[in-house]
Amino acid sequence: MFKIGIVGCGAIGSFISKKVVDGTIKNTKVVAIYDRNLNKAESLSELTGAKICSSIDDLVKEDLDLVIECASIKAVEDVAEKSLRNKKDVLIMSVGALADKELFLKLQNLAKSVGRKIYLPSGAIGGLDAIKAMRLGKINEVILKTTKPVNALEDALKNLGYNLKDIKNPVVVFEGDVFEAIKDFPMNINVSVTLSIAAEFPAKVMIIADPKAKLNKHEILVKSSIGTLKVCIENVPFEENPKTSALAAYSAVRLIRDLAEPVKVGT
Ligand SMILES: NC(=O)C1=CN([C@@H]2O[C@H](COP(=O)(O)OP(=O)(O)OC[C@H]3O[C@@H](n4cnc5c(N)ncnc54)[C@H](O)[C@@H]3O)[C@@H](O)[C@H]2O)C=CC1
Ligand SMILES: O=C([O-])CC(=O)C(=O)O
């Protein structure tokens, strides 16, 4: 039995748990969970039978094969470092944390020294298989254009001083590099960091708030010496968290399921 621990019992953590319980992820059990909001942890414990832990330290001491972080950028350092130090592989959803190059390097070195893995799912985007191959040639440009409904960007827009009622037409609310993008939109643009890590090239990012949009759209352009990649993905958002595309959770489910598969498809 493959044993997992989950930190963050929101949209993604709940979805992964459901897919364990319904057998989509086979031979797997959710053994331990932690959320700073106890109510959220209690609902997932009812569904999975998992032990509710009182802290990340408590969770990583359990007998686990994989710890899944699906909480927030701020939680990543603690979850990843403590999991690795306790000889557990870790899957990170809040990939935006790894825009901090020092942190990323520290975690990579730690994973190597303890012989464990850090998994970064493709999340709400696609095309990373081709981009990873392209980076063996020369990458010249990486662009991500993300269009989301206004409510999906609500927290970040309010912090940036936007009055949401004033947004009547699609408006470019951010244009800049990946590092600035994830600072301003920490709950909306983790994908830009995953893309930049896959390409080993910092993405240029544009974010558009569209009051008529119903889907989370990500358009990717990568120019390289091997060829040009254009990917456009239009994702259905989660009802319980419209910031998050359902595909992000599906990609984690797929990754966990594939760990046990004998055949690997794609790079
Ligand atoms: N890599 C990707 O493509 C994507 C990544 N994400 C990221 O994945 C993460 C999870 O997303 P959702 O499930 O939609 O979020 P959510 O807001 O539905 O759930 C997050 C849960 O984590 C808990 N939490 C937050 N910080 C915590 C901490 N420090 N310690 C313990 N619990 C904590 C919250 O109480 C909440 O229950 C977010 O950081 C989100 O930005 C979301 C979409 C795509
Ligand atoms: O789910 C999405 O469409 C993308 C997202 O929120 C993120 O990358 O943080």
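Residues numbered from 1 in each chain as written. Chains lettered and ligands numbered in written order. Predicted model: local features only at pLDDT ≥ 70, side-chain atom pairs only at ≥ 80, totals over all residues.

- Under an unreviewed UniProt entry, the protein has the name L-aspartate dehydrogenase and belongs to Methanocaldococcus bathoardescens.
- What the UniProt record of the protein gives under Function (unreviewed entry) is the line "Specifically catalyzes the NAD or NADP-dependent dehydrogenation of L-aspartate to iminoaspartate."
- The record in UniProt for the protein states the following under Pathway (unreviewed entry): "Cofactor biosynthesis; NAD(+) biosynthesis; iminoaspartate from L-aspartate (dehydrogenase route): step 1/1." (UniProt positions renumbered as here; feature names shortened; annotations may be inferred.)

## Remarks on the overall build of the protein
Move 1: The helix and strand inventory of the protein stands at 10 helices and 11 strands.
Move 2: Against the 2.2 N^0.38 benchmark of 18 Å for 267 residues, the protein shows a C-alpha radius of gyration of 18 Å, consistent with a compact globule.
Move 3: In terms of its C-alpha atoms, the protein occupies a principal-axis envelope of roughly 50 × 45 × 35 Å.
Move 4: When burial is assessed residue by residue, the protein has 43% of its 267 residues classed as buried. (Helix = DSSP H or I, 4+ residues; strand = E, 2+ residues; numbered from the N terminus. Rg over C-alpha atoms; globule rule 2.2 N^0.38 Å. Buried ≥ 20, exposed ≤ 12 C-beta atoms within 10 Å, placed from the backbone.)

## Thoughts on the site of ligand 1
Move 1: Ligand 1 sits among 30 residues. The nearest are Gly8, Gly10, Gly123, Thr244 and Ala248.
Move 2: Among the secondary structure elements, those contributing two or more residues to the shell around ligand 1 are helix 1 (11-21), helix 4 (73-85) and helix 9 (190-199).
Move 3: Looking at the shell around ligand 1 residue by residue, the classes come out as 15 nonpolar, 11 polar and four charged.
Move 4: Both of domain 1 (2-123 + 248-260) and domain 2 (128-235) provide at least three residues apiece to the shell around ligand 1. (Near = placed C-beta within 6 Å. Nonpolar A, V, L, I, M, F, W, Y, C, P; charged D, E, K, R; others polar. Domains from an automatic or database assignment.)

## Considerations on the domain arrangement of the protein
Move 1: Taken domain by domain, the protein holds domain 1 (2-123 + 248-260) and domain 2 (128-235).
Move 2: Spacing between the C-alpha centres of domain 1 and domain 2 amounts to 24 Å.
Move 3: Each side of the interface is counted separately: domain 1 has nine residues, and domain 2 has 11 residues.
Move 4: Across the side of domain 1 that touches domain 2, the residue classes break down as five nonpolar, four polar and no charged. (Contact = placed C-beta atoms within 7 Å.)

## Structural notes on the site of ligand 2
Move 1: Around ligand 2, 13 residues are found, and the nearest of them are Ala124, Asn190, Val191, Asn216 and Ser245.
Move 2: Tallied by class, the residues present in the shell around ligand 2 amount to five nonpolar, seven polar and one charged.

## Remarks on the UniProt feature "domain: Aspartate/homoserine dehydrogenase NAD-binding" (unreviewed entry) in the protein
Move 1: With numbering matched to this structure, UniProt assigns "domain: Aspartate/homoserine dehydrogenase NAD-binding" (unreviewed entry) to residues 8-121.
Move 2: The distance from the first to the last C-alpha atom of residues 8-121 is 16 Å, and the span holds 47% helix and 17% strand.

## Here we look at the UniProt feature "binding site: NAD(+)" (unreviewed entry) in the protein
Move 1: Using the residue numbers shown here, the UniProt feature "binding site: NAD(+)" (unreviewed entry) corresponds to Ala124 and Asn190. A maximum C-alpha distance of 8.9 Å places the annotated residues, which cover 67 residues in sequence, within one compact spot.
Move 2: The residue Ala124 is located in the loop between strand 6 (118-119) and helix 6 (128-134) in this model.
Move 3: When residues no more than four places from it in sequence are discounted, the contact partners of Ala124 are Val191, Asn216, His218, Asn235, Ser245, Leu247 and Ala248.
Move 4: One can find Asn190 in helix 9.

## Focus: the packing of helix 4 against helix 5 (residues 101-114)
Move 1: Contact geometry of helix 4 with helix 5 gives a least axis separation of 9 Å together with a crossing angle of 15°. Classed by the angle they form, the pair helix 4 and helix 5 counts as roughly parallel. Taken as a pair, helix 4 and helix 5 cross one another with a handedness that is left-handed. Contact with helix 4, carried on its side by Glu77, Ala80, Glu81 and Leu84, involves Leu103, Leu107, Leu110, Ala111 and Val114 of helix 5 and no other residues of that element.
Move 2: Across the contact of helix 4 with helix 5, the residue classes tally to seven nonpolar, no polar and two charged. (Axes fitted to C-alpha atoms, helices over the stretch in contact; angles between N-to-C directions. Parallel < 35°, antiparallel > 145°, perpendicular 65-115°, else oblique. Left-handed = near helix turned anticlockwise from the far one by under 90°.)

## Section: unusual backbone geometry
Move 1: Phi angles above zero are rare outside glycine, and Asn27 is one such case at about 50°.
Move 2: In this fold, Asn27 is placed in the loop between helix 1 and strand 2 (28-34).
Move 3: Although it is not a glycine, Lys87 sits at a positive phi angle of roughly 65°.
Move 4: Tracing the backbone shows Lys87 in the loop between helix 4 and strand 5 (89-92).
Move 5: Classification of Lys87 as exposed rests on a count of 11 C-beta atoms within 10 Å.

## Re the packing of helix 1 against helix 2 (residues 38-48)
Move 1: The contact between helix 1 and helix 2 brings their axes to 10 Å, and the two run at 10°. Taken as axis vectors, helix 1 and helix 2 run roughly parallel relative to one another. On helix 2, the residues that touch Gly13, Ser14, Ser17, Lys18, Val20 and Val21 of helix 1 are Leu44, Leu47 and Thr48.

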